[in-house]
Amino acid sequence: MTENEIAAGGSPLGKEKSAIKINKVRKVFTRNDEEIEAIKEVNLDIKEGEFVSVVGPSGCGKSTFLHIVGGFIDKTSGEVIVNGKEVNKPGPDRGMMFQESTLYPWLKVDRNVAWGLEVQKLPKKEIKERVEYFLKLVGLWEFKNNLPSELSGGMKQRVSLAKVLAFNPEVLLMDEPFGALDSQTREMMQAELQRIWSESRKSVLFVTHDIEEAVFLSDYVVVLSKRPSTVKEVIKIDLPRPREISIRKSYDFVDYRNKIWDLLHEEQNVKQLRGV
Amino acid sequence: MSSIWQLIKKYQSLILVVVVWQLMALSGLFSEQLFPGIEKIAIVFLELLPTSDLWSNIGITLYRILAGFALAAIVGVPLGIAMSRSRTFDNIMQPIFTFGYPVPRVALYPIFVLIFGIGSGSKIFTIFLECIFPIVVNTYYGAKRVNILYIWSGQNMGADKRKLFWRVFLPGAMPSIFTGFRIALPIGVVIAVLTEMISSSNGIGYLLTYLSASLSQSQVLAVVVYISLIGYALDRLLLYVRNRFVYWS
């Protein structure tokens, strides 16, 4: 399936409305008076409740792309539309999770989760309830009085997830959130994320360099080309949910994995040949 | 028992200095006037302890150190932050700090004496000038290095500029600000004593010059020990405050 088919409503959830719509987003960086085109043109249409991953060769600008959707950096041209509204700045409608922990090291775990809610001036009672609910959801309620430095990398990312979910964004943007974790913790976090996602049914735009992670979690995997990036292909992952960890061993899973691997390596070979 | 052993281990280099000093004193290579034994220094140290002479001078010196340091902190921290946030302001101020840093500001002390008089004013101003450099520079780099993702995360949750500044940026820069303080405070002690030695009628530096004129080395050394204890106590105090403020690192 191509991006255009998705854009035309080709997804099985096609009747539902778009959560995130990306129209002709382009990004050119200027460094030392030199223009570098990072993103040539990206179009995407993510429907409500879908889990969409973006993979691409290293340095292809997939993180840049996500930061544009988050509103943290400016795009050169194009539109990002979240739930029908064009967005240009960061905002709590898009909950962003980064590769590195962004928990404030000076706040205890529960204050970190409460932070965004306090900023939005929610009633005290509701803040308390939400903090408790989401810390329990990620299984870290008993660590509420710890400082982030007292937690492991995986625990920090679970708190980060609780923090983002707590302010109830319309969509989740995740920038290689498990990239810094060891492979066992990463698999556990992926299973955890699938469980939490299936409960909350939020639309997720997930950037990763890990093909298996993308296949395991996603409804669609978007493969970007090398820089300047365009959408090379969109692959629908037709695997039943909920997915067990052991699904990685199934033929269907491996087929998807290999297909994406081939697509990525086509891109990387071209890059390597150029470098020679 | 083990705690005594640990104390010895912790301060073994100091103990070594004392032992070597004492051996030199006992060797008779130098006159006793020049190289008094530790026991003589200790006796003078204890003799000085109950005198109001000592404590009134310590009080005056402490006042100068703390006033100069506090001024440097009050001016230096906002200055460093302003430079880190505004490119224009940074461009204006940067030459002062790159060219001014290696200049010994204390060399201008005679001029400050002419301007502010021989009392505390000239000394406080010199201490202020010496202390402000490490404070501004550390604040500046600390503020520049606040993790951009902390800011982004705050923006993501809908925080406005004011909230981001007070609740994300400032705590993020706090560890470096305190590093600047900890570099500046001992400099303040040194400059206070130095300026008092050059021209003063009171303060611990004045006491030092006064006693060296009497050629009593053991008294001079006892006062030096008092000065180092002041420096040590001030650093401990600052460390205590820092650990209250920057409890997370």
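Residues numbered from 1 in each chain as written. Chains lettered and ligands numbered in written order. Predicted model: local features only at pLDDT ≥ 70, side-chain atom pairs only at ≥ 80, totals over all residues.

An unreviewed UniProt entry annotates chain B as NitT/TauT family transport system permease protein of Alteribacillus iranensis. Taken from UniProt, the Sequence similarities (unreviewed entry) comment for chain B reads in full: "Belongs to the binding-protein-dependent transport system permease family." (UniProt positions renumbered as here; feature names shortened; annotations may be inferred.)

Where an unreviewed UniProt entry is consulted, chain A appears under the name NitT/TauT family transport system ATP-binding protein, with the organism given as Alteribacillus iranensis.

Caption draft 1: Representation of the overall build of chain B within the structure. Within chain B, the secondary structure is distributed over eleven helices and zero strands. Listed by position from the N terminus, the elements making up chain B come as α-α-α-α-α-α-α-α-α-α-α. C-alpha extents for chain B along the principal axes are approximately 75 × 55 × 30 Å. A fraction of 72% describes how many contacts in chain B between residues 6 or more apart in sequence connect residues 24 or more apart. (Helix = DSSP H or I, 4+ residues; strand = E, 2+ residues; numbered from the N terminus. Contact = placed C-beta atoms within 7 Å.)

Caption draft 2: Broad picture of the interface of chain A and chain B. Listed by partner, the interface residues are 20 residues for chain A and 14 residues for chain B. The set of elements that each furnish at least two residues to the side of chain A that touches chain B consists of strand 6 (94-97) and helix 3 (109-119) of chain A. The greatest single-element share of the side of chain A that touches chain B, amounting to three residues, is contributed by helix 3 of chain A. Residues of the side of chain A that touches chain B, tallied by class, amount to twelve nonpolar, seven polar and one charged. (Nonpolar A, V, L, I, M, F, W, Y, C, P; charged D, E, K, R; others polar.)

Caption draft 3: How the structure looks around the UniProt feature "transmembrane region" (unreviewed entry) in chain B. All names here are of chain B. Under the present numbering, the feature "transmembrane region" (unreviewed entry) in UniProt falls on residues 12-30, 62-84, 96-118, 124-143, 164-194 and 214-234. From the first C-alpha to the last, residues 12-30 spans 25 Å; its make-up is 84% helix and 0% strand. The span residues 214-234 is 86% helix and 0% strand, and its two end C-alpha atoms sit 29 Å from each other.

Caption draft 4: Main features of the sheet that holds strand 6 of chain A. Residue and element names in this part refer to chain A. Strand order across the open sheet formed by ten strands is 5-4-1-2-10-9-3-8-7-6, with mixed pairing between neighbours. The two strands at the open ends of the sheet, each matched to only one other strand, are strand 5 (85-86) and strand 6. Across the sheet, helix 5 (residues 153-166) is in contact with strand 6 and strand 7 (171-175); its angle to strand 6 comes to roughly 170 degrees. (Pairing = 2+ DSSP bridges. Axes fitted to C-alpha atoms, helices over the stretch in contact; angles between N-to-C directions.)

Caption draft 5: Region of the structure containing helix 6 (residues 183-200) of chain A. Residues and elements named next belong to chain A. Over its 18 residues, helix 6 extends 25 Å from the first C-alpha to the last, a length consistent with the 26 Å expected when each residue adds 1.5 Å. Buried within helix 6 are the following residues: Arg 186, Met 189, Gln 190 and Leu 193. All buried residues of helix 6 lie within an arc of 110 degrees about the axis, which places them on one face of the element. Counted as exposed and oriented over 90 degrees from the buried face of helix 6: Gln 184, Arg 195 and Glu 199. In this structure, the buried residues of helix 6 make contact with helix 5 and helix 7 (211-217). One or two steps after helix 6, the chain reaches Arg 201, where phi turns positive at roughly 55 degrees. (Expected span 1.5 Å × (residues − 1). Buried ≥ 20, exposed ≤ 12 C-beta atoms within 10 Å, placed from the backbone. Arc of directions from axis to C-beta.)

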